[in-house]
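# Coordinates in review
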Amino acid sequence: MSENATDNKMYNELIAAQQKFGGRMFDVITCDPPWQLSSANPTRGVAIAYETLNDRQILNIPFGRLQKNGFLFIWVINAKYKFALEMMEEWGYEMVDEITWVKQTVNGKIAKGHGYYLQHAKETCLIGKKGKVDHLAHKNIASDVIFSERRGQS
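In this report, we go over the structure that sits alongside the text.

The rules behind each value
Residues numbered from 1 in each chain as written. Predicted model: local features only at pLDDT ≥ 70, side-chain atom pairs only at ≥ 80, totals over all residues. Heavy atoms only, no water. Pairing = 2+ DSSP bridges. Helix = DSSP H or I, 4+ residues; strand = E, 2+ residues; numbered from the N terminus. Axes fitted to C-alpha atoms, helices over the stretch in contact; angles between N-to-C directions. Contact = heavy atoms within 4.5 Å. Buried < 20%, exposed > 50% of the residue type's maximum accessible area, 1.4 Å probe, protein only. Polar contact = N/O pair within 3.5 Å; in protein donor to acceptor, adjacent residues only side chain to side chain.

### Here's the deal with the sheet that holds strand β1 (residues 28–31)
In space, the five strands of this open sheet follow the order β1-β2-β4-β3-β5, with mixed pairing throughout. Each edge of the open sheet carries a strand with a single partner, namely β1 and β5 (145–149). Averaged over neighbouring strand pairs, the angle between their axes works out to 20° when direction is ignored. Note that strand β3 (residues 94–104) and β5 share five bridges and pair parallel. Each residue of the ladder has a partner; that of valine 102, found in β5, is phenylalanine 147. Lying over the sheet, helix α3 (residues 81–90) contacts β2 (70–76), β3 and β4 (122–130), oriented at roughly 15° with respect to β4.

### What about the side chain of glutamate 123?
Mapping glutamate 123 onto the fold places it in strand β4. Of the residues examined, glutamate 123 reaches a relative accessible area of 12% and is grouped as buried. A distance of 2.8 Å separates a polar atom in the side chain of glutamate 123 from a polar atom in the side chain of lysine 103. Once residues within four sequence positions are removed from consideration, glutamate 123 is found in contact with Trp75, Ile99, Thr100, Trp101 and Lys103.

This is the structure:
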């Protein structure tokens, strides 16, 4: 069985189980894809301690099949921001907002990381919606900025 056929079978089983036990598809999906940087062996001091996926592999994850009505929260690195917007659209989502995580050190200072033009001290989470979501949303109750200590790789 091909890898793609195996993946389709796995997602079909997940969809069937969710409908059986949850009575509907997922309301919210949150993901932090293992984005591949400019190459499989990035330079400039970036060391990644996990396996990454290329853009095509991430695009092939069928998030759009897991929801009819719901929200998708997807963490994105700066270099993949435009691609993530295109990907969300291809999956059937409309971007409606974003969250910014300002990374801090244990001393509460801004924790600078790697970047091409600037040292990145934040990460962005894009929020997309699909279908009818008004019954799922509790609007205007939280900030779009998170100040939190950076821990580990991500």
